[in-house]
Structure formats: C-alpha cells, structure tokens
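So you can see what is in the structure, the chains are spelled out below.
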Amino acid sequence: MLKVIDPKGGQLSDLVLFNETDIREKISAGKTMDFEESILISENNFLWSNRSRKMMKIIKDTNRRNDILLAPCSPETFQIMYNYDGYHPSCFENLYTNLERFGIKPDDIPTAFNIFMNVQFEKDGKLSVLPPTSTAGDYVLFEAQMNLIIGMTACSAEDSNGGTFKPIQYQVLGSDNEPEN
C-alpha cells in the first residue's frame, strides 16, 4: 500500500506507474477513464494500465479531487503556456531523471495521475487549473494490484499550486496499514 500525504495543504503530486516486470505496461489515463466511466477518479476507483489491467486501487481519499487529464508539466509547458524563457524545473524532468535507473526513458513517461490537482471544466470543454483544495494532512491511500515501479513528484508548476511550492510525503505500508521496514 502507498499513502501519499499533503502535509501542509495546497500541493499536488504527479504519480506514474509501471509494471515492475515489464515497463512497457504503464498507467493509462484513457483506460482509467474508460473503465471507471469518469474523469473524476477517487476513492474506490482503480488506476488501469495500457494493457487493461488494474494497477492500483484507491482505498481512501480524504480530499476527493484529483486529475487524470493533464500531462506532467515539462520545459515546453513553461515555454508554450507561460511564455517562460529559460530553465524551469518540471514534473516531467523529475520523473524521467529519477526513473532512468529502471530503464524508463523520457518517451516512456505517461500522463500522470495528478493527486490533489484541481482541474475544472466548462460546458464548452475549456479546462482551468485552480489551486488544490487539499488541506494539511489530506491523503490518498492506494493498494497495489501488481508489483510496481512508482514515480512521484511534488508538482513544480506554480499556477497548479496556487503560486507556492510545498513538500509531498509518502509512506509505503503493509496490508495492515502499518509502515513496512
């Protein structure tokens, strides 16, 4: 089990999943939305793979606002959407550089499950990202459905976090919800 915690409130986290024995199998936003019949993924929903297999189940979600539509922010995100010139840290970079040791390359990074991300949508389909509604101590508890390689980052897009950056914490728990050694 994995518990992802927002210790101070108002911070989102990008989460990506890969099958430990075959990294070509990874989280799929499309399959998750198809099989869960929703774009609002929360408690009692599953995160599905590109091979139509359950990867994680959301056991508990104290905030109940997450996103599976938007890709991890990248250098191009800051150039194209924010007209930012120069280097800016990004979730995409954090994920691929830290997952490289598992043979995961930049092109392997999928659309993330964005924990605590507050994406709103209008009737015409226009998306907007508002500050997270998570408060200090909010968490999401996941139960793995297969052996996984998990990548996670505290989002570095200030517009997605209400203009601030804060830590994200996690715990790996046993099936009895106790921390594993």
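Look above for the structure.
Residues numbered from 1 in each chain as written. Predicted model: local features only at pLDDT ≥ 70, side-chain atom pairs only at ≥ 80, totals over all residues. Heavy atoms only, no water.

**Q** Honestly, the sheet that holds strand β11 (residues 169-172) in this entry has me stumped. Any pointers?
**A** For sheets, the rule is that strands pair by backbone hydrogen bonds, running either parallel or antiparallel. Across the sheet, five strands lie side by side as β4-β5-β9-β1-β11; this open sheet has antiparallel pairing. This sheet does not close on itself; its edge strands, each paired only once, are β4 (46-48) and β11. The average undirected angle you get between the axes of adjacent strands in this sheet is 25 degrees. Bridging between strand β1 (residues 2-6) and β11 involves four bridges; their strand directions are antiparallel. The partner of Ile5 across the bridge, within β11, is Gln169. (Pairing = 2+ DSSP bridges. Helix = DSSP H or I, 4+ residues; strand = E, 2+ residues; numbered from the N terminus. Axes fitted to C-alpha atoms, helices over the stretch in contact; angles between N-to-C directions.)

**Q** Honestly, the environment of Ile150 in this entry has me stumped. Any pointers?
**A** Along the chain, Ile150 falls in strand β10 (residues 148-154). Judged by relative accessible area, Ile150 falls into the partly exposed class, the value being 34%. In the structure, Ile150 is positioned 69 residues away from Met81 in sequence and 28 Å away in space, judged by C-alpha atoms. When residues no more than four places from it in sequence are discounted, the contact partners of Ile150 are Leu2, Leu15, Val16, Leu17, Met56 and Leu99. (Buried < 20%, exposed > 50% of the residue type's maximum accessible area, 1.4 Å probe, protein only. Contact = heavy atoms within 4.5 Å.)

**Q** Please clarify how the environment of Leu12 should be interpreted in this entry.
**A** Looking at the secondary structure, you find Leu12 in the loop between β1 and β2 (13-19). Since its relative accessible area comes to 0%, Leu12 is described here as buried. Linking Leu12 and Ala154, residues 142 residues apart in sequence, is a C-alpha distance of 6.1 Å. Leave out the neighbours within four places in its chain, and Leu12 touches Asn114, Ile115, Phe116, Met117, Pro132, Thr153, Ala154, Cys155, Ser160, Asn161 and Ile168.

Shape descriptors only; they carry no functional weight alone.
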